Amino acid sequence: MELNSVKETFGTALPHNGTAFDVLIAGAGPTGLALAIDLTRRGLRALLVERQDRLSPGARGNGMQPRTQEVYDDLGVIEAAFEAGGLYPPTARWENGEIVDVTETIERVDPTPDKPYSNALMVPQYRNLEVLRARLRELGQDVLFRTELTAFDQDSTGVTARLRHTDGTERTVRAAYLVASDGGRSTVRRALGIKMSGPELEPVGALLADVRVDGLDRDHWHRWELPGGGFVGMLPLARTDRFQTMIASGNGTTDISPETIRAELVAHTHLDAAQIGEVLWSSLFRPRAGLVERYRTGRVFLAGDAAHIHSPAGGQGLNTSVQDAYNLGWKLGQVLRHGAPDSLLDTYETERRPIAESILDTSTRLHRSRTLRRGRDLHQLGIGYPDSPLTRELRTDLAEGIPAAGDRAPDAPCSTPDGTSTRLFDAFRGPHFTLLDLGGTGIDDSSLPADPALLRLVRVGGPAPDLIDTHGHIRDAYGPAPAVLLIRPDGYLALAAPPEDATTQVTAALEMYLGTGAVAAAAAH
């Protein structure tokens, strides 16, 4: 079946029996959508199926941390995300119908040249999903709604999956790999028999709702403390007419009807019934926490909530999930498009599971502390992979504060030789590796892969620079010493080497991502 024909069926009908894809993705939440975008821009055939008839409604998790904003920058959706969101307002605490104090619970941080995205961004999850889907459609693909993955088998060359449409139609499709992004109650995870375990959280439910309200200002995140430790919170959702409402009254109700939501708000706030308008979405929330014992079984991977679930405290879950997709996407691309060994995919679990474990500890601690204050330690900019088998730091006597291999690659404003303003993130953006030659190291590019979809050499300084460090921001971010830095497609330093024998070191590092034969063939081509 031709690719164009497959694209025409997306969102409307099941593909034909036996249709082959590179990757089948189950679940069109933030994880599945981000992965589909990343794979599609790499020229891969990804089929994204969703059993619901639409994207999930409701604000749900709406905090987008700065590191995820960097991911969205690379995926081409950051401007749309900013248009759909805004910063969190200060929190106003109410007593007896009056605001008694106002606090900045979400720390505000000024951007810097190396960290252009410096504050948590509030984007209601339903808007986040719309932004991601619009980007996927822009790339020529879409979600196949009303389609459930009901069964699958795998062998040494791929996965055979059974799909069922809501009209009863069934089809079998074939994919090289299957990625489960089907949520905390993942059917794929259960079918694989992979266990999830984690700390016990207080089994106290809360009502969540998106509500229209009259007579309540949109300049504050409103909070009412209740006797017995409960609370009501109402967050004005940026660029909407809604308030995200959480009612933790401790009365044990599981009724999420609009009538119950309104009655609870009247009972526990100063608002009267006339002020409480339409309840657009509601759900019962019970905090859970858990982490799977493994992320991969053969050709099947778990990502996002299918692999780890967190308390929403600290706004870490969605961000961790999107970054799962970002880590796995480029590795699937290397294997399927550039001939990298399948063993590269094992580093997905090696790198991401410890991150999820650490974030699970953080979100659980915040949940139990009940503190509302959130600082820059939750921005996820300090996440890295220094202990990954893909990481090589070959420099010695590295100055304090200079990023080492495994760390996030900082941004830096600079210019092209003709004086045009640009930044390092512009050079990094895309599915390729970036080789930064800092200070004119004399690296021999004739022995490196020449495919710009795979590797791009960017010289900073030296006799024939591609970028000029106009105001010294690159020096400030990466240090003054000449060096060769290999930046992974997901924005982390894979290799950091001194000028001596840099060409050999870069070639050796690339062999981990491509294999010896593929590097030689790419260089020869």
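For clarity, every value in this text was computed on a predicted model and none was experimentally measured.

Asker: Explain the overall build of the chain to me, please; I cannot follow it from the model alone.
Answerer: From N to C terminus, the chain includes 13 helices and 28 strands. Sequence separation of 24 or more characterises 69% of the internal contacts of the chain that already satisfy a separation of 6 or more. By element, 48% of the accessible surface of the chain is carried by carbon and sulfur atoms, the whole surface being about 21400 Å². Separation of charge centres in the chain, based on 54 positive and 69 negative side chains, amounts to 5 Å.

Asker: Help me out: how do you make sense of empty space enclosed by the protein in this one?
Answerer: The method is simple in principle: a probe with the dimensions of a water molecule rolls over the atoms, and the space it marks as empty is what remains. Counted under the stated rule, the structure contains three cavities of 30 Å³ or more. If you trace the largest cavity, you find 14 residues lining it, with Asp 74, Tyr 326, Phe 425, Phe 428 and Gly 491 closest to the centre. Of all the secondary structure elements, the ones that give two or more residues to the lining of the largest cavity are α3 (66-75) and α10 (424-428). Taken together, the residues of the lining of the largest cavity break down into six nonpolar, one polar and seven charged.

Asker: Would you mind showing me how to read the sheet that holds strand β3 (residues 63-64) here?
Answerer: The strands that make up a sheet pair up through hydrogen bonds in the backbone, lying either parallel or antiparallel. Read from one edge to the other, the open sheet built from three strands follows the order β3-β7-β4, with strand pairing classed as antiparallel. Edge positions in the sheet fall to β3 and β4 (86-87), since each has one partner strand and no second. Bridge count for β3 against strand β7 (residues 121-122) is two bridges, and the pairing is antiparallel. Pairing of Gly 63 across the sheet is with Met 122, part of β7.

Asker: Help me out: how do you make sense of the pattern of salt bridges in this one?
Answerer: Pairing is possible between side chains that carry opposite charge, provided their charged atoms lie close to one another. Going through the model one piece at a time under the given rule, you end up with 34 salt bridges. Of the charged contacts, one joins Arg 212 and Glu 278 as a salt bridge, the two residues approaching to 2.5 Å between their closest N and O atoms. Pair noted here: Arg 212 is in strand β13 (residues 206-213) and Glu 278 is in strand β17 (residues 276-285), with a separation of 66 residues, a long-range link. Arg 212 gets classed as partly exposed once you look at its relative accessible area, which sits at 29%. By relative accessible area, Glu 278 is classed as partly exposed at 43%. Ionic contacts of the salt-bridge type, sharing partners, join the residues Asp 73, Asp 411, Arg 423, Asp 426 and Arg 429 into one network.

Asker: So what exactly am I meant to see when it comes to the pairing of strand β25 (residues 433-438) here?
Answerer: If a strand is regular, its side chains alternate between the two faces of the sheet. The buried fraction of β25 amounts to six of the six residues, a majority that puts the element mostly inside the structure. Along β25, one buried face is formed by Phe 433, Leu 435 and Asp 437 and the opposite face, lined by Thr 434, Leu 436 and Leu 438, is buried too. As judged from the six bridges shared by β25 and strand β26 (residues 455-460), these two strands associate in the parallel manner. Considered in β26, the bridge of Leu 438 is made with Val 460.

Asker: Explain the sheet that holds strand β27 (residues 483-487) here, please?
Answerer: Reading across the sheet, the five strands line up as β22-β28-β27-β25-β26 and stay open at both edges, with mixed pairing between neighbours. In this open sheet, the two edge strands, each paired with only one partner strand, are β22 (392-393) and β26.

Asker: Could you clarify how one ought to interpret the packing of aromatic side chains in this entry?
Answerer: For any two aromatic rings, the description comes down to two numbers: the centre-to-centre distance and the angle of the planes. Evaluation of the coordinates by the stated rule reveals 11 aromatic pairs. One aromatic cluster is present, formed by Tyr 177, Tyr 295, Phe 301 and Tyr 348 through successive ring pairs. Stacked on the ring of Phe 243, the Lys or Arg Arg 218 has its end atom at 4.9 Å from the ring centre. Geometry around Tyr 177 places Arg 299 over its ring, the cationic atom sitting 4.7 Å from the centre.

Asker: Help me out: how do you make sense of the nonpolar core in this one?
Answerer: For soluble globular proteins, nonpolar side chains are generally found buried alongside one another. Ranked by internal contacts, the top residues of the largest apolar core, which has 115 residues, are Tyr 478 and Leu 486. Here this core gets eight residues from one element, more than from any other, and that element is helix α8 (residues 317-338). Leave out the neighbours within four places in its chain, and Tyr 478 touches Arg 395, Ile 402, Pro 403, Ala 409, Pro 410, Leu 424, Phe 428, Leu 436, Leu 438, Leu 485 and Leu 493. By size, the runner-up hydrophobic cluster in this structure holds 18 residues, among which are Leu 207, Val 211, Ile 261 and Leu 265.

Asker: I keep staring at the environment of Ile 106 and nothing clicks. Help me out?
Answerer: Note on placement: Ile 106 falls in the loop between β6 (98-103) and β7. The spatial distance from the C-alpha of Ile 106 to the C-alpha of Glu 200 is 26 Å, given a sequence separation of 94 residues. Setting aside residues up to four positions removed in sequence, Ile 106 forms contacts with Tyr 88, Ala 120, Trp 221 and Arg 374.

Asker: Would you explain the pairing of strand β14 (residues 221-225) in this entry?
Answerer: Where strand β5 (residues 91-95) meets β14, four bridges bridge the pair, whose relative direction is parallel. Considered in β14, the bridge of Trp 94 is made with Trp 224. Pairing of β14 with strand β15 (residues 231-236) involves four bridges; the strand directions are antiparallel. The residue of β15 that forms the bridge with Trp 224 is Val 232. As consecutive antiparallel partners, β14 and β15 are separated by five residues, and within that stretch Gly 228 has a phi angle of approximately 90°, a positive value.

Asker: I keep staring at the packing of helix α2 (residues 30-41) against helix α5 (residues 125-138) and nothing clicks. Help me out?
Answerer: In a packed pair of helices, the relevant descriptors are the angle between the two axes and the axis-to-axis distance. Between α2 and α5, the least distance of the axes is 9 Å, while the angle of their chain directions is 20°. When the interaxial angle is binned, α2 and α5 end up roughly parallel. For α2 against α5, the interelement crossing comes out left-handed. Between α2, through Pro 30, Leu 33, Ala 36, Ile 37 and Thr 40, and α5, the contact on the second element is made entirely by Gln 125, Leu 129, Leu 132, Arg 133, Arg 135 and Leu 136. The class makeup of the residues in the contact of α2 with α5 is seven nonpolar, two polar and two charged.

Asker: Just checking my understanding: could you explain the side chain of Glu 351 for this structure?
Answerer: When you line up the elements, Glu 351 lands in helix α9 (residues 346-369). For Glu 351, a relative accessible area of 3% translates into the label buried. A polar contact is formed between the side chain of Glu 351 and the side chain of Arg 488, at a distance of 2.7 Å. If sequence neighbours within four positions are ignored, Glu 351 has contacts with Asn 327, Lys 331, Tyr 385, Ser 388, Leu 390 and Arg 488.

Cut-offs applied
Residues numbered from 1 in each chain as written. Predicted model: local features only at pLDDT ≥ 70, side-chain atom pairs only at ≥ 80, totals over all residues. Heavy atoms only, no water. Helix = DSSP H or I, 4+ residues; strand = E, 2+ residues; numbered from the N terminus. Contact = heavy atoms within 4.5 Å. Areas by Shrake-Rupley, 256 points an atom, 1.4 Å probe, with all protein chains shown as cover. Lys, Arg positive; Asp, Glu negative; His and termini not counted. Charge placed at Lys NZ, Arg CZ, Asp CG, Glu CD. 1 Å grid on protein atoms, 1.4 Å probe; cavity = no way out; pocket = protein on both sides within 12 Å on 5 of 7 lines; lining within 4 Å. Points joined across faces, edges and corners; volume = space filled by probe spheres on them. Nonpolar A, V, L, I, M, F, W, Y, C, P; charged D, E, K, R; others polar. Pairing = 2+ DSSP bridges. Salt bridge = Lys/Arg side-chain N within 4 Å of Asp/Glu carboxyl O. Buried < 20%, exposed > 50% of the residue type's maximum accessible area, 1.4 Å probe, protein only. Phe/Tyr/Trp six-rings, centres within 6.5 Å; stacked < 30°, edge-to-face > 60°. Lys NZ or Arg CZ within 6 Å of the ring centre and 35° of its normal. Core = buried A, V, L, I, M, F, W, Y, C linked by side-chain atoms within 4.5 Å. Axes fitted to C-alpha atoms, helices over the stretch in contact; angles between N-to-C directions. Parallel < 35°, antiparallel > 145°, perpendicular 65-115°, else oblique. Left-handed = near helix turned anticlockwise from the far one by under 90°. Polar contact = N/O pair within 3.5 Å; in protein donor to acceptor, adjacent residues only side chain to side chain.

Nothing here speaks to function; it is geometry throughout.
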